[in-house]
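Each chain, written out:
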There are 2 protein chains.
Amino acid sequence: MSQVAGTDRTKAAPPDPLAPAVILVAPQLAMNIGTTARAMANCGFYDLRIVNPKPKWPNELSRRASSGAQGILDEARICASTSEAIADLTRVYATTGRSRRMTKRIVTPRQAALEVRTAHGQGEKTGFLFGPERTGLENDDLALADALISVPLNPAFASLNLAQSVLLVGYEWFQAGDRTPASRLASGDSPPATKEQLEIFFQHLERELDHCGFLRVADKRPTMVRNLRNIFQRASLTDQEVRSLHGVVAELVRGPRGGVRS
Amino acid sequence: MSQVAGTDRTKAAPPDPLAPAVILVAPQLAMNIGTTARAMANCGFYDLRIVNPKPKWPNELSRRASSGAQGILDEARICASTSEAIADLTRVYATTGRSRRMTKRIVTPRQAALEVRTAHGQGEKTGFLFGPERTGLENDDLALADALISVPLNPAFASLNLAQSVLLVGYEWFQAGDRTPASRLASGDSPPATKEQLEIFFQHLERELDHCGFLRVADKRPTMVRNLRNIFQRASLTDQEVRSLHGVVAELVRGPRGGVRS
């Protein structure tokens, strides 16, 4: 099910051994471990560590829920304690929902991503801690983390499932390293029109509008012409589209094929 | 299941009638409609419109999958066509995975959120279009949109399910209007220490370190003192923590209770 991004396995980058680890502490549901692996794969995470999973391991339901990310499950490390799971990391962020009586920095996922990208650029291996589905991380686990992550969401309805939390944290990690332009024009095979092509079309259109009388009121003509030009400027036309518009004007002028121009 | 954000229904803001609409075109699975409603509630969306749903409607499975967001399902509008579903909107973004032969602006979810927030600030009602799970939106639906949204994700594993797509788009909408500081120190009940409190602690520590001989090498003393001060500066201590550290130093100096200071 691909909604908003295409999958192209030919574009696979080799797994980055320094990409942050995801550590699930005492996850309760096999399905959530699988959907977590899927969310990790979406975001370029590969390194899954699971502390005391409740489901038996390896787990077939996790595998099926991973929608093809079973490689991450196969490589997942099972650990006996959170300390063991984070031993090789230099910086750890713990996700938490409830505010705790704890003196600790709380960051947004976006801020965490920036900090983790900075550490990554310095050759550091970092990780994100996620707690059990129902209860979240215990205070002793939070005390092992450098900072807490809290996701700004509708305070009246903020509950996320485990894989969605992983997805949002990973999404921010991916965005912080991604160079996709915020906005671009996909133009198929046709390049953008040059301003000269546009000018030639404008003159064609205005010549015909003069001819048919649409621009007959002399003192309104300059404004009307500018307004029309602005409409077509805004459309960021391609070369091919300008050719189509020439055709539109010409055929409108000519009237029905086989008919007579008035 | 609350992982990274607490739910507090007392913080419910009244639904914003201008919050963007979510339009599901021909969704195939009842569960996805429910989890979409949940993701909408997470992000402050309320207005769901469904074009030709495949599951019968209303749907009990959708209801259960919404994890409490059934109000959105109860209010959802069932429409016969995409045109009907978007008739009252001024600006529509269509999510798409595959690149299409179409001359169209493609934006990231973050860019879309900024544009939609701008329109929202001008009193415009906007919407996000999502296609059927397996096939995505058809080209005729894409042609009704102002721009396409494509989520930058791992190109080797980019498939998202419907509700995750809605979550990412809605997450960006929420972030674009949210004023949560990127980083803050949660300090429980204790305020941050003043620099004077810190200075008094430093002097206490250094006095005892002079006394026990840790700082005995005169030409290294200034550097060692600065290094220690930097450690505690970095910790952003609270008032209460400075008091605890005074206790730590004093008790270390005194040795075991009942024992004798050497």
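Residues numbered from 1 in each chain as written. Chains lettered and ligands numbered in written order. Predicted model: local features only at pLDDT ≥ 70, side-chain atom pairs only at ≥ 80, totals over all residues. Heavy atoms only, no water.

Observations regarding the overall build of chain A
Step number 1: Across its full length, chain A carries 10 helices and 8 strands.
Step number 2: Relative to its length of 262 residues, chain A is extended, with a C-alpha radius of gyration of 29 Å against a globular reference of 18 Å.
Step number 3: Overall size of chain A, expressed as C-alpha extent along the three principal axes, is 85 × 40 × 40 Å.
Step number 4: A fraction of 81% describes how many contacts in chain A between residues 6 or more apart in sequence connect residues 24 or more apart.
Step number 5: Here chain A contributes 33 positively and 27 negatively charged side chains, and the mean placements of these two sets differ by 5 Å. (Helix = DSSP H or I, 4+ residues; strand = E, 2+ residues; numbered from the N terminus. Rg over C-alpha atoms; globule rule 2.2 N^0.38 Å. Contact = heavy atoms within 4.5 Å. Lys, Arg positive; Asp, Glu negative; His and termini not counted. Charge placed at Lys NZ, Arg CZ, Asp CG, Glu CD.)

Examining the packing of helix α5 (residues 109-121) of chain B against helix α7 (residues 162-176) of chain B
Residues and elements named next belong to chain B.
Step number 1: Close contact between α5 and α7 brings their axes to 8 Å; oriented N to C, the two are set at 55 degrees. Taken together, α5 and α7 sit at an angle that is classed as oblique. The crossing of α5 and α7 is right-handed. When α5 is examined against α7, the residues Pro109, Arg110, Ala113, Val116, Arg117 and His120 are found in contact with a partner set consisting of Glu172, Trp173, Phe174 and Ala176. (Axes fitted to C-alpha atoms, helices over the stretch in contact; angles between N-to-C directions. Parallel < 35°, antiparallel > 145°, perpendicular 65-115°, else oblique. Left-handed = near helix turned anticlockwise from the far one by under 90°.)

A look at helix α10 (residues 239-254) of chain B
All names here are of chain B.
Step number 1: Compared with an ideal rise of 1.5 Å per residue, which puts 16 residues at 22 Å, α10 spans 23 Å between its outermost C-alpha atoms and is within 8% of the ideal.
Step number 2: All buried positions along α10 are accounted for by Asp239, Val242, Leu245 and Val249. The buried residues of α10 occupy an angular sector of 120 degrees when the element is viewed end-on, so they sit on one face.
Step number 3: Buried residues along α10 sit in contact with α8 (195-212) and α9 (221-234). (Expected span 1.5 Å × (residues − 1). Buried < 20%, exposed > 50% of the residue type's maximum accessible area, 1.4 Å probe, protein only. Arc of directions from axis to C-beta.)

Quick notes on unusual backbone geometry
All names here are of chain A.
Step number 1: For the peptide bond that leads from Trp57 to Pro58, omega is 0 degrees, which places it in the cis range.
Step number 2: Relative to the elements of secondary structure, Pro58 occurs in the loop between β2 (47-51) and α2 (60-65).
Step number 3: Unusually for a residue other than glycine, Asn52 sits at a positive phi of about 45 degrees.
Step number 4: Here Asn52 shows up in the loop between β2 and α2.
Step number 5: Given a relative accessible area of 46%, Asn52 falls into the partly exposed group.

Brief notes about the interface of chain A and chain B
Accessible area lost during the coming together of the parts is what is often quoted as the interface size.
Step number 1: With 75 residues of chain A at the interface, the matching set in chain B holds 75 residues.
Step number 2: When chain A packs against chain B, the two sides together hide about 6,900 Å² of surface, and 54% of this comes from carbon and sulfur.
Step number 3: Where chain A meets chain B, there are 2 salt bridges.
Step number 4: The closest approach of N and O atoms between Glu172(B) and Arg110(A), which form a salt bridge, is 2.8 Å.
Step number 5: The interface formed by chain A and chain B contains 24 residue pairs in polar contact (both at pLDDT 80 or more).
Step number 6: Every element with two or more residues in the side of chain A that touches chain B is listed here: α1 (30-43), β5 (103-107), α5 (109-121), α7 (162-176) and β8 (183-187) of chain A.
Step number 7: Ranked by residue count, the leading element in the side of chain A that touches chain B is α7(A), at 9 residues.
Step number 8: Considering only residue class, the side of chain A that touches chain B consists of 32 nonpolar, 29 polar and 14 charged.
Step number 9: Judged from the 5 bridges that link them, β8(A) and strand β5 (residues 103-107) of chain B form a sheet pairing that is antiparallel. Residue pairing in the sheet places Ser183(A) in a bridge with Val107(B) of β5(B). (Buried area = accessible area lost by both parts, 1.4 Å probe. Salt bridge = Lys/Arg side-chain N within 4 Å of Asp/Glu carboxyl O. Polar contact = N/O pair within 3.5 Å; in protein donor to acceptor, adjacent residues only side chain to side chain. Nonpolar A, V, L, I, M, F, W, Y, C, P; charged D, E, K, R; others polar. Pairing = 2+ DSSP bridges.)

With respect to the packing of helix α8 (residues 195-212) of chain A against helix α9 (residues 221-234) of chain A
In helix packing, the relevant descriptors are the interaxial angle and the interaxial distance, both defined with respect to the helix axes.
Residue and element names in this part refer to chain A.
Step number 1: Following both chains from N to C, one finds α8 and α9 inclined at 135 degrees, their axes separated by 11 Å at the closest point. In this view, α8 runs oblique relative to α9, as classed from their interaxial angle. As for how α8 packs across α9, the hand of that crossing is right-handed. Between α8 and α9, the contacting residues are Lys195, Leu198, Glu199, Phe201, Phe202, Gln203, Leu205, Glu206, Leu209 and Asp210 on the first element and Arg221, Val225, Leu228, Arg229, Phe232 and Gln233 on the second.
Step number 2: Of the residues that constitute the contact of α8 with α9, the class distribution is 8 nonpolar, 2 polar and 6 charged.

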